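Structural features, examined
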Amino acid sequence: MSDKRQRARVQGCWAKQLPKHSGPTGAGPNCNESKNANVASGSWGFGPQKTTKTFEFLQPSQPIRDVPPEKVIEQAGDFEISHGPSGVSRLRLLPGFLSLEEANWMFSKLLAELPWSQKTNYRQGEAYEEPRLTCWYGELPYTYARSTMAANMQWHPLLVNLCKAVEHATGCSFNSLLCNLYRDGHDSIGWHSDDEASLGQKPTIASLSLGDTRVFSLRKQPPPEEKGDYTYMERIRIPLSHGTLLLMEGATQDDWQVPGLSHYTRGVQLHVSGASFLQVLDMSLIQNS
C-alpha cells in the first residue's frame, strides 16, 4: 500500500530523495541549487532587472493637425465657401422655393410621367447598375462613369416651366437637365464633381430637391501635397427639404466634391395621395458653355 502511494506522488525534488552521486566535488544536485541558478540567470526572476535600452521622445516629423469641424448651412442666403486659384466657389440656398402644395403635386406628377431608367456604368472594365434612376434632357449627350446618356430634346412641359422659374429666381440660364430618383435609403452615388468636359468650364448647377429631407454634403478637393487624402479637408453639410433649391456657382465643381445623396433624415414623412413616401427626386439644371 505504501509502495502505491509513493508511485502516485509527483516526482519532484521533494517527493523522493535521489541517490547521491559521487563526483569531483562530492556533492549531488538539489532543488535549491536549481532554483538559485534560474534566479541568477535573470530569465524568470522577479528582482530588479537591468536594461541597456533607453527611451527618448522624438517630435513627429509632420505637424500635428486637427480635423476641421464640419460647417452646417441651413438658412437662406448666398455663401462664398472658398477662394483659390480656380476662383471663388459660391452657394445659394433657397428653402421653400416651392410651396408644399406645389412640391407635392410636382413630385407625384414627375414620378409618374418621366421616362425613368437605370443607367449602366463601368468601373475598371466591370459593368454595374447605378443605384438610382435617371433621365437626361439636353441638346448634347452626357457622359460620366464611362457611360453616355443620349441627347434628348423632348422636355416634359412641367420641366420647361420649372426651368423658367429657376432662371427667374437665380438670374442664370440653363440648357440641360439631369433628373435623379433615389427610391429608398439604399440608392446613392459616390463622391464626385460635375466637371465633365461636356459641361464646359465652371458649370453652374441648380439642384431642386423633392421628397424626403436629405443631407447634402460637400468636401474640399485636397491640394497635391495631401496625395488624395481628404482627412483634413473642409466639409459642409446642408439639409435639403422638400421644395428646396440649391445653386452651385463659380469654381464649386473644380474645388469641391459632392455625393449624389448623403442620407435621409427620415424625420417627417410626406404624403401624396394618401401614400407615405421616402423617396428623393433631385433635378439638376445645368448651365454649360
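A quick note: this is a predicted structure, and the numbers were derived from the prediction, not measured.

**Things to note about the overall build of the protein**
Along its length, the protein carries five helices and 19 strands. Put simply, the protein has 289 residues, and 38% of those count as buried. A separation of at least 24 residues holds for 72% of the contacts in the protein among residues at least 6 apart in sequence.

**Overview of the side chain of Arg-214**
If you trace the backbone, Arg-214 turns up in strand 12 (residues 214-220). Polar side-chain contacts of Arg-214 include one of 3.1 Å to the side chain of Ser-209.

**Quick look at helix 3 (residues 100-113)**
A rise of 1.5 Å per residue sets the reference length of helix 3, with its 14 residues, at 20 Å; its end C-alpha atoms lie 20 Å apart and thus fit the reference within 8%. Taken residue by residue, helix 3 has Ala-103, Asn-104, Met-106, Phe-107 and Leu-110 as its buried positions.

**Re the pairing of strand 2 (residues 77-84)**
Relative to strand 3 (residues 87-94), strand 2 is paired through seven bridges, and the arrangement is antiparallel. Bridge pairing in strand 3 places Ser-82 opposite Ser-89. Taken together, strand 2 and the strand that follows it, strand 3, pair antiparallel across an intervening segment of two residues.

**Points about the confidence of the model for the protein**
On average, the protein scores 80 in pLDDT, and the residues at 70 or more come to 73%. Predicted confidence for residues 264-277 stays below pLDDT 50, and this span has 35 contacts to residues more than four positions away or in other chains.

**Let's talk about unusual backbone geometry**
If you check the backbone angles, Gln-124 has positive phi at about 50° while not being a glycine. With respect to the secondary-structure elements, Gln-124 resides in the loop between strand 4 (120-123) and strand 5 (126-129). Overall, Gln-124 belongs to the exposed group, its relative accessible area being 74%. We note that Lys-227 has phi near 55°; this positive angle belongs to a residue other than glycine. Note that Lys-227 resides in the loop between strand 12 and strand 13 (235-240).

**A look at the packing of aromatic side chains**
Under the criterion given, the structure shown has three aromatic pairs. Ring geometry for Tyr-142 against Tyr-144: centres 5.4 Å apart, planes inclined by 45°, an arrangement best described as tilted. The exposure classification of Tyr-142 matches that of Tyr-144, with both residues buried. Here the aromatic cluster, defined as three or more aromatic residues joined through ring pairs, consists of Trp-136, Tyr-142 and Tyr-144. Over the ring of Tyr-128 we find Arg-123; its NZ or CZ atom is 4.3 Å from the centre of that ring.

**Structural notes on the pattern of salt bridges**
Pairs may arise between side chains of opposite charge once their charged atoms sit close together. On inspection of all chains with the given rule, the structure shows eight salt bridges. When the shortest N-O distance is used, the salt bridge between Glu-113 and Lys-109 registers 3.0 Å. You can see Glu-113 and its partner Lys-109 sitting in helix 3, four residues apart, about one turn around the helix. For Glu-113, a relative accessible area of 41% corresponds to the partly exposed category. Here Lys-109 falls in the partly exposed class, since its relative accessible area comes to 26%. Its salt-bridge partner being Arg-132, residue Glu-130 comes within 3.1 Å of it at the nearest N-O pair. Since its relative accessible area comes to 1%, Glu-130 is described here as buried. By relative accessible area, which is 4% here, Arg-132 ends up buried.

**Thoughts on the nonpolar core**
Residues Met-106, Leu-110, Leu-159, Cys-179, Leu-210 and Met-283 are the most contacted members of the largest nonpolar core, which totals 30 residues. At the level of elements, helix 3, strand 6 (133-138), helix 4 (157-170), strand 9 (176-182), strand 11 (204-211), strand 14 (244-250) and strand 19 (280-287) are the ones that each hand at least two residues to this core. Listed in part, the 23 residues of the second largest apolar core include Ile-81, Tyr-144, Ile-189 and Ile-238.

**Concerning the environment of Leu-133**
When you line up the elements, Leu-133 lands in strand 6. Discounting residues that sit within four places of it in the chain, Leu-133 has contacts with Trp-116, Ser-117, Gln-118, Cys-179, Asn-180, Leu-181 and Arg-183.

**Here we look at the side chain of Thr-204**
Along the chain, the position of Thr-204 falls in strand 11. The exposure class assigned to Thr-204 is buried, which follows from its relative accessible area of 7%. Discounting residues that sit within four places of it in the chain, Thr-204 has contacts with Cys-172, Phe-174, Leu-247, Met-248, Glu-249, Leu-285, Ile-286 and Gln-287.

**Section: the state of the cysteines**
One pass over the structure, following the stated rule, counts zero disulfides. Cysteine Cys-179 is unpaired, with the sulfur of Cys-135 as its nearest cysteine sulfur at 4.1 Å. Classification of Cys-179 as buried rests on a relative accessible area of 0%.

Rules of the game
Residues numbered from 1 in each chain as written. Predicted model: local features only at pLDDT ≥ 70, side-chain atom pairs only at ≥ 80, totals over all residues. Heavy atoms only, no water. Helix = DSSP H or I, 4+ residues; strand = E, 2+ residues; numbered from the N terminus. Buried < 20%, exposed > 50% of the residue type's maximum accessible area, 1.4 Å probe, protein only. Contact = heavy atoms within 4.5 Å. Polar contact = N/O pair within 3.5 Å; in protein donor to acceptor, adjacent residues only side chain to side chain. Expected span 1.5 Å × (residues − 1). Pairing = 2+ DSSP bridges. pLDDT = per-residue confidence, 0-100. Phe/Tyr/Trp six-rings, centres within 6.5 Å; stacked < 30°, edge-to-face > 60°. Lys NZ or Arg CZ within 6 Å of the ring centre and 35° of its normal. Salt bridge = Lys/Arg side-chain N within 4 Å of Asp/Glu carboxyl O. Core = buried A, V, L, I, M, F, W, Y, C linked by side-chain atoms within 4.5 Å. Disulfide = S-S within 2.5 Å.

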